[in-house]
Amino acid sequence: MGTRRYFMIVLRFLSWVTLLACMQVSAVHANEWSVAPNTNDGKRWQVAYYEGGDYQDYRKVLVATLNGLMDLGWIEPQPLPDPDGHDSKSLWMWVVDNLQSQYLSFRKDAYYSAEWDVEQRADNSRRFLQRLILQKDIDLVLAMGTWAGQDLATSRHSTPTLVLTASNPITAGIIKSSSESGLDHLHATVDPSLHSRQLQIFHELVGFKTLGMAYEDTVSGRSYAAVDQAETLSFDLGFEIVPCFTKSDVKDQAEAEESVIACMKELSSSVDAIYVTVQGGVTKRSINEIVAIALEAQVATFSQGSSSEVKAGVLFSLAMDDFRGVGRFEAENMAKVFNGAKAGHLRQTYEAPPRIAVNTRVAEVIGYNPPLLLLGAADELYEEIVPFP
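Below: a short report on this structure. Note that this is a predicted model, so its numbers are computed, not measured.

So, about the nonpolar core. Ranked by size, the top nonpolar core spans 51 residues in total, and within it F202, L211, M213, I287, L315, F316 and I356 carry the most contacts. Examining the composition of this core, we find that six residues originate from one element, helix α10 (residues 287–297), more than from any other. Setting aside its immediate chain neighbours within four residues, L315 contacts A300, T301, V310, A357, V358, N359, V362, A363, I366 and Y368.

Listed below in structure tokens is the structure:
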């Protein structure tokens, strides 16, 4: 690949940075609702938590959102727990027992998790919707992830609901589009072009002809993995997608992890590159083996979800582990709802400034020569492979 092409790749990446920065500035003037703290006619606003099952990004975004609420004055400032050191239930209970606020009440009796169990999901959905309809004792729901968004994206209730960390709420059927949720009480944060940007820059850098993708062959699984965006790009850019089906949203996480590892072994012998997709089986326990398989096969990899996976041995990512920006966005959305905004009328698009991560040690092992221009533009540059403990 010539120097000119590398220059154009880096130039395009930098243009994305500029464009998204401009979009964030212009968005400041949109949705001019107050974010100042206030009570619900002298009472505290009642907040519930609803998820399909525990997942690391749910905890990280929750903590980032709470920090955002502290910055806005809705919660008294104090250090929050490390989200990696808790499951979602213990984290929520810590929030209930320890956070001080004269404006917000995080309800101990309003934590719902299906623990990735289909039958428990159906029971939770039935019970929680009945509560929202009949008891009307919840003022806002934090719905974490795709399962939660799908369960609560219904006109059967009218409680303001913010869907956080759903990989692609449009293809998952949660909202109608990035500009319209379809329900006055529903809001889902979305970055509609993130995964297309990831795959485009991965293809330009590596030039793969075959791309391996492991994902659960369900509506949710295909949504997590951005299969629709990958398929569109495959036609436009002329590469073939080689799928391998895993188990993701299952109660037994070890089963999910083993299914991803099995797919990595299958794909690594037959493709030029692998898109390490977001799913229940890609965890801190499994990523080290995923990396080892790809390195042995000398296959280029790209993390869909986390630059920390680049530190652990994935070649590239265009993602961040710093959730402060999206946490502030979610906190402001909560504040606007409590100040009278309809959740479904707030801006849903949050496009974080792109940050590219590169592991030069991985590049050396697989025989890939990264261009100096790319290395100069990288925000996170790792020279060693540091496995997760």
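What follows continues from the structure just given.
It is worth spelling out the sheet that holds strand β2 (residues 104–113) at this point. Strand order in the open sheet made by the five strands is β2-β1-β3-β4-β5, with parallel pairing throughout. The open sheet has two edge strands, β2 and β5 (186–188), and neither has a second partner. When the angles between neighbouring strand axes are averaged without regard to direction, this sheet yields 20°. With five bridges connecting them, strand β1 (residues 45–51) and strand β3 (residues 140–144) associate as parallel partners. Considered in β3, the bridge of A48 is made with V141. The strands that helix α4 (residues 118–135) touches are β1, β2 and β3; relative to β2, the one it contacts most, it runs at about 145°. The strands touched by helix α5 (residues 145–152) are β1, β3 and β4 (161–164); relative to β3, the strand with the most contacts, the crossing angle is about 135°.

Turning our attention to the packing of aromatic side chains. Within the structure shown, the criterion is met by 20 aromatic pairs. Taken together, a centroid distance of 4.7 Å and an interplanar angle of 25° make the contact between W45 and F338 stacked. Residue W45 is found in strand β1, and its partner F338 is found in helix α12 (residues 324–338); the two are separated by 293 residues along the sequence. For the residue pair W45 and F338, the accessibility class agrees, reading buried in each case. Their ring planes at 90° and their centres at 5.8 Å tell us that F316 and Y368 sit as a pair that is edge-to-face.

This brings us to the state of the cysteines. On inspection of all chains with the given rule, the structure shows one disulfide. There is a disulfide in this structure between C244 and C263, and the S-S distance comes to 2.1 Å. Disulfide C244 to C263: torsion about the S-S bond roughly -80°, handedness left-handed. Here C263 lies in helix α9 (residues 253–268) and C244 lies in strand β7 (residues 240–245), a separation of 19 residues in the sequence. For the pair shown, C244 and C263 are each scored as buried.

What follows concerns the pattern of salt bridges. Counting across every chain of the model gives 19 salt bridges. Across the pair R107 and D109 runs a salt bridge, and its minimum N-O distance is 3.0 Å. Classification of R107 by relative accessible area gives buried; the value is 17%. Overall, D109 belongs to the partly exposed group, its relative accessible area being 45%.

Reading the values: the criteria
Residues numbered from 1 in each chain as written. Predicted model: local features only at pLDDT ≥ 70, side-chain atom pairs only at ≥ 80, totals over all residues. Heavy atoms only, no water. Core = buried A, V, L, I, M, F, W, Y, C linked by side-chain atoms within 4.5 Å. Buried < 20%, exposed > 50% of the residue type's maximum accessible area, 1.4 Å probe, protein only. Helix = DSSP H or I, 4+ residues; strand = E, 2+ residues; numbered from the N terminus. Contact = heavy atoms within 4.5 Å. Pairing = 2+ DSSP bridges. Axes fitted to C-alpha atoms, helices over the stretch in contact; angles between N-to-C directions. Phe/Tyr/Trp six-rings, centres within 6.5 Å; stacked < 30°, edge-to-face > 60°. Disulfide = S-S within 2.5 Å. Salt bridge = Lys/Arg side-chain N within 4 Å of Asp/Glu carboxyl O.

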